[in-house]
Amino acid sequence: PVSNMNGTINFDGTTLETTQLVARLGNSTIYGKGSLVGLKNPSLSLIFSSPTLDLADFGLSAPQKEVKASKVQGNIILKDKNLQIKALSGQIGNTFATIKGTVQDIDNPKIDITVSAPHLEPEDLFLLAELEKHGNKEVPPINITMKATIHADTGRAKEIDFEKLTTTLLLEHGI
């Protein structure tokens, strides 16, 4: 449930704009402002931040571990079922990353992102791959196509340290 919301929402015909808002979603405090233009085919623009996001507050959980993101900041635009990620950054475990890119067709996502990290530990990101929507086991899986270009200055995979990693990951049909 959303609680402790504070700020101003202005309506003007089919346009909605907010001042800086603060709200609690479960255990997460979120700060942000945005605009929504149009009702039939809305265009949504959001700038947000949170010191800590508990992903369970968004209906997501990992089988083995509680997953939280810290130092979250984002700037996104959703229009015509396409998401433009101008900037999305945060830390999970020891990995801090910034993501930029696009998600075409939210209903059948085709993701093309660039991930930049001063330090990357793949095990931290594998937690995100394990996330499941709890309480919704009967929802059919979404066919996601993804291309992720990854740059990391330093990192550690299991017991192996690395530097200046650049790689591209592709995901199609669950492979």
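This structure is a prediction, so every number in the text was calculated from the model and none was measured. (Residues numbered from 1 in each chain as written. Predicted model: local features only at pLDDT ≥ 70, side-chain atom pairs only at ≥ 80, totals over all residues. Heavy atoms only, no water.)

(A) Spatial organisation of the side chain of threonine 18. Residue position: threonine 18 is located in strand 3 (residues 15-18). For threonine 18, a relative accessible area of 17% puts it in the buried group. There is a polar contact of 2.9 Å between the side chain of threonine 18 and the backbone nitrogen of glycine 34. Apart from the residues lying within four places of it in its own chain, the contact partners of threonine 18 are Thr8, Ile9, Gly32, Lys33 and Gly34. (Helix = DSSP H or I, 4+ residues; strand = E, 2+ residues; numbered from the N terminus. Buried < 20%, exposed > 50% of the residue type's maximum accessible area, 1.4 Å probe, protein only. Polar contact = N/O pair within 3.5 Å; in protein donor to acceptor, adjacent residues only side chain to side chain. Contact = heavy atoms within 4.5 Å.)

(B) Summary view of a nonpolar patch on the surface. A surface patch of nonpolar side chains, about 440 Å² in accessible area, is lined by Val2, Met5, Ile9 and Phe11. Those elements that provide at least two residues to the nonpolar patch are strand 1 (2-6) and strand 2 (9-12). Among the structural elements, methionine 5 can be located in strand 1. (Patch = residues over 30% accessible without salt bridge, like charges linked within 9 Å, V, L, I, M, F, W, Y side chains within 5 Å. Areas by Shrake-Rupley, 256 points an atom, 1.4 Å probe, with all protein chains shown as cover. Salt bridge = Lys/Arg side-chain N within 4 Å of Asp/Glu carboxyl O.)

(C) Spotlight on the environment of lysine 40. Summarising the element assignment, lysine 40 is placed in the loop between strand 5 (28-37) and strand 6 (43-54). Assessed through its relative accessible area of 87%, lysine 40 is described here as exposed. On a C-alpha basis, the gap between lysine 40 and threonine 14 in space is 9.4 Å, while along the polypeptide they are 26 residues apart.

(D) Representation of the nonpolar core. Ranked by internal contacts, the top residues of the largest apolar core, which has 14 residues, are Ile85, Ile113 and Leu120. If you tally residues by element for this core, the top one is strand 11 (residues 110-120), at 5 residues. (Core = buried A, V, L, I, M, F, W, Y, C linked by side-chain atoms within 4.5 Å.)

(E) The arrangement of the pairing of strand 9 (residues 82-92) in detail. One ladder, built from 8 bridges, connects strand 8 (residues 68-79) with strand 9; its direction is antiparallel. When the sheet's bridge partners are listed, isoleucine 77 is paired in strand 9 with glutamine 84. Between strand 8 and the antiparallel strand that follows it, strand 9, lie 2 residues; aspartate 80 among them carries a positive phi value of about 55°. Bridge count between strand 9 and strand 10 (residues 95-104): 8 bridges; the pairing is antiparallel. Looking at the pairing, leucine 88 lines up with isoleucine 99 of strand 10. (Pairing = 2+ DSSP bridges.)

(F) Quick look at the pattern of salt bridges. Applying the stated criterion to the full structure yields 4 salt bridges. Salt-bridge contacts for arginine 156 lead to glutamate 159; the nearest nitrogen and oxygen are separated by 2.9 Å. On the basis of relative accessibility, which here comes to 27%, the residue arginine 156 falls in the partly exposed class. Exposure remark for glutamate 159: the relative accessible area of 64% places this residue in the exposed category.

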